[in-house]
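# Chains, contacts and geometry: an overview
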Amino acid sequence: MSRFLLPRFEALSPYTPGEQPRGIDRLIKLNTNELPYPPAPAVREAITDQTLCDLRLYPDPTGRSLKRALSGLYGVGENQVYLANGSDDILYFAFLAYCTASKAVYCDVTYGFYRVFASLVGAESTVVPLKEDYTVDVDALCRAEGTVFLANPNAPTGICLPLSDVERIVASDRDRVVLVDEAYVDFGGESALSLLSDYDNLLVVRTFSKSRAMAGARLGYAFASEAIISDLERVRYSTNPYNINRLTLLLGEKTVENEAYYKSCTDRIVKTREKTRKELLDLGFSVTQSRTNFLFASHPKAPAAELYRALKERGILVRYFAADERCKNHLRISVGSEEQMQVFCAMLSTILKEFI
Ligand SMILES: *Cc1c(COP(=O)(O)O)cnc(C)c1O
């Protein structure tokens with residue numbers, strides 16, 4: 001830290017991303033919920049020499065063609081679509097627009113960035129504990145005052161709240177924004193999109209990072225009332241209107257055109273997830289009912305910290321949240337390919353013999 005940093009940033013404790021090691025070909029990487037499959041062939045063929053030459057030009061700041069494609073795919077008005085450089089940017093802009101020196105509400109066990117953004121914009125946070133079984137306390141969220149940030153399905157628990165409960169939260173106070181972060185919805189979650197026509201305080205946030213094999217391209221999108229979208233555009237045009245590069249815009253469009261390919265990828269992940277979950281249960285783990293591309297598991301006899309280390313020594317990387325009181329005996333395991341998960345389960349079964 002330099003002596004120039006303003007005091008309000010000294011106290012900031014930034015988000016810790018999952019490890020992104022080099023030489024991943026020798027690793028089984030199950031720690032940041034990426035898709036194990038590559039983008040669709042048509043997406044991979046979209047980058048030509050001409051598209052690279054065109055990089056000398058600024059991208060379209062309105063992202064009109066990609067917005068049109070998303071509006072067509074999801075049946076939402078073009079003016080109700082928002083694009084960003086990863087969905088983290090959308091979360092940040094929402095915190096900036098609605099919570100600066102105001103109030104934010106989120107669960108204790110959820111996406112770690114909500115806490116970081118709240119502290120960045122100086123929001124007063126109401127942190128609502130999940131129930132003992134890691135499900136969301138819907139009544140407490142309804143009662144709490146302030147902009148709500150709800151990951152659904154939740155991370156790192158994987159658990160999905162039914163649409164009726166999400167609607168209860170959105171309806172509990174129509175004079176506040178309820179942001180539903182649907183980063184994992186394509187793996188079997190129930191989307192809040194159908195509520196959009198009835199609630200102008202709902203903001204649904206999505207990403208191409210998890211189900212669309214584009215984490216490295218950075219592309220997030222959101223759906224909301226035209227008024228909320230215009231709030232976010234106001235913030236974006238006040239920071240960086242060219243926030244999505246030309247290549248990513250193009251790849252995003254091609255991705256939307258190849259929906260069937262991605263549906264087959266997410267179907268495969270769901271199948272592998274259920275198979276892996278059953279194997280973990282057979283090994284004595286407790287595992288939440290995940291509707292995502294990861295599993296949240298703990299073992300009564302083998303501490304998560306030691307399993308994490310033993311797996312890492314053998315070249316398998318999973319996510320371990322050492323600093324979180326309610327998660328520190330759990331592992332969050334991304335669902336990789338069928339073959340990766342077979343290796344993972346075999347390795348885990350060997351490691352467990354040291355503890356039982
Ligand atoms: C991964 C993730 C994000 C961030 O996604 P990007 O689009 O890659 O920024 C947001 N919310 C949740 C719950 C996530 O797991």
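Scope of this entry: the structure provided in the associated data block. In every chain, residue numbers begin from 1 and rise along the written sequence. Restriction of local features to residues with pLDDT of at least 70 applies here, the model being predicted, together with a cutoff of 80 or more for giving and counting side-chain atom pairs; totals for whole chains, interfaces and linings are based on all residues. The basis for every side-chain value is the complete set of non-hydrogen atoms in the structure, without hydrogens or water.

### Considerations on the pattern of salt bridges
Here, a salt bridge means any side-chain nitrogen of Lys or Arg that lies within 4 Å of a carboxyl oxygen of Asp or Glu. Counted by the stated rule, this structure contains 18 salt bridges. Between Asp 186 and Arg 212 there is a salt bridge, and its shortest N-O distance comes to 3.7 Å. With Asp 186 in the loop between strand 6 (178-181) and strand 7 (202-207) and Arg 212 in the loop between strand 7 and strand 8 (220-224), this residue pair connects regions lying 26 residues apart in the sequence. For every residue, the accessible area (1.4 Å probe, protein chains only) is compared with the maximum for its type, and the residue is labelled buried under 20%, exposed over 50%, or partly exposed between those bounds. The exposure class of Asp 186 is partly exposed, given its relative accessible area of 26%. One salt bridge in this structure joins Glu 233 and Arg 236, with 2.8 Å as the shortest N-O distance. Here Glu 233 pairs with Arg 236, and both are found in helix 9 (residues 226-236), just three residues apart, close to one helical turn. Going along the chain from the N terminus, every DSSP run of H or I of four or more residues is numbered as a helix, and every run of E of two or more is numbered as a strand.

### Here we look at the packing of aromatic side chains
Each aromatic ring pair is specified by the distance between its two centres and by the angle formed by the two planes. Put simply, two rings from Phe, Tyr or Trp (the six-membered ring, in Trp's case) pair if the centres are within 6.5 Å, and we call them stacked under 30 degrees between planes, edge-to-face over 60, tilted for the rest. Throughout the structure, instances matching the rule amount to 20 aromatic pairs. Taken together, a centroid distance of 5.7 Å and an interplanar angle of 85° make the contact between Tyr 111 and Tyr 114 edge-to-face. Assessed through its relative accessible area of 0%, Tyr 114 is described here as buried. Grouped by ring-pair contacts, the aromatic residues Tyr 15, Tyr 92, Phe 93, Phe 95, Tyr 106, Tyr 111, Phe 113, Tyr 114, Phe 117 and Phe 149 constitute a single cluster. Each ring is checked for a lysine NZ or an arginine CZ that lies within 6 Å of its centre and within 35 degrees of its normal; such an atom marks a charge sitting over the ring. Its guanidinium or amino end placed over the ring of Tyr 74, Arg 206 lies 4.9 Å from that ring's centre, counting from NZ or CZ. Positioned above the aromatic ring of Phe 208 is the side chain of Arg 212, whose terminal nitrogen or guanidinium carbon lies 5.9 Å from the ring centre.

### A closer look at the site of the ligand
Consider each residue's heavy atoms; a residue with any of them within 4 Å of a molecule or strand counts as near. Lining the immediate surroundings of the ligand are Gly 86, Ser 87, Asp 88, Tyr 111, Asp 181, Ala 183, Tyr 184, Thr 207, Ser 209, Lys 210 and Arg 218. Residue Asp 181 places a side-chain N or O atom 2.7 Å away from a nitrogen atom belonging to the ligand. Within the side chain of Arg 218, an N or O atom sits 2.8 Å from an oxygen atom of the ligand. Protein chains bury 93% of the 390 Å² of accessible surface belonging to the ligand in isolation. Here the shell around the ligand is built from residues that sort into three nonpolar, four polar and four charged. Pairs of N or O atoms are called polar contacts if they sit within 3.5 Å, as long as, within protein, a hydrogen donor faces a hydrogen acceptor (for residues adjacent in sequence, only side-chain-to-side-chain pairs). Each accessible area is a Shrake-Rupley result for a 1.4 Å probe, and residues are judged covered by the shown protein chains and nothing else. Asp, Glu, Lys and Arg are counted as charged, while Ala, Val, Leu, Ile, Met, Phe, Trp, Tyr, Cys and Pro are counted as nonpolar; the rest, among them Gly, fall into the polar class.

### Let's talk about the pairing of strand 5 (residues 147-151)
In regular strands, side chains alternate between the two faces of the sheet. Burial analysis of strand 5 places five of its five residues in the buried class, which makes it a mostly covered element. Residues Thr 147, Phe 149 and Ala 151 of strand 5 are buried on one face, and the alternating residues Val 148 and Leu 150, pointing to the opposite face, are buried as well. Any two strands are treated as partners once DSSP identifies two or more bridges connecting them. Bridging between strand 3 (residues 103-107) and strand 5 involves two bridges; their strand directions are parallel. Across the sheet, residue Ala 104 finds its bridge partner in strand 5, namely Thr 147. Across four bridges, strand 5 lies against strand 6 in parallel orientation. Opposite Val 148, over in strand 6, you have Val 178 as the bridge partner. The handedness of a crossover follows from its direction of travel: if, with the strands pointing away from the viewer, the path from the first strand over the helix to the second runs clockwise, the crossover is right-handed. Between the parallel elements strand 5 and strand 6, the chain passes through helix 8 (residues 163-172) in a crossover that is right-handed.

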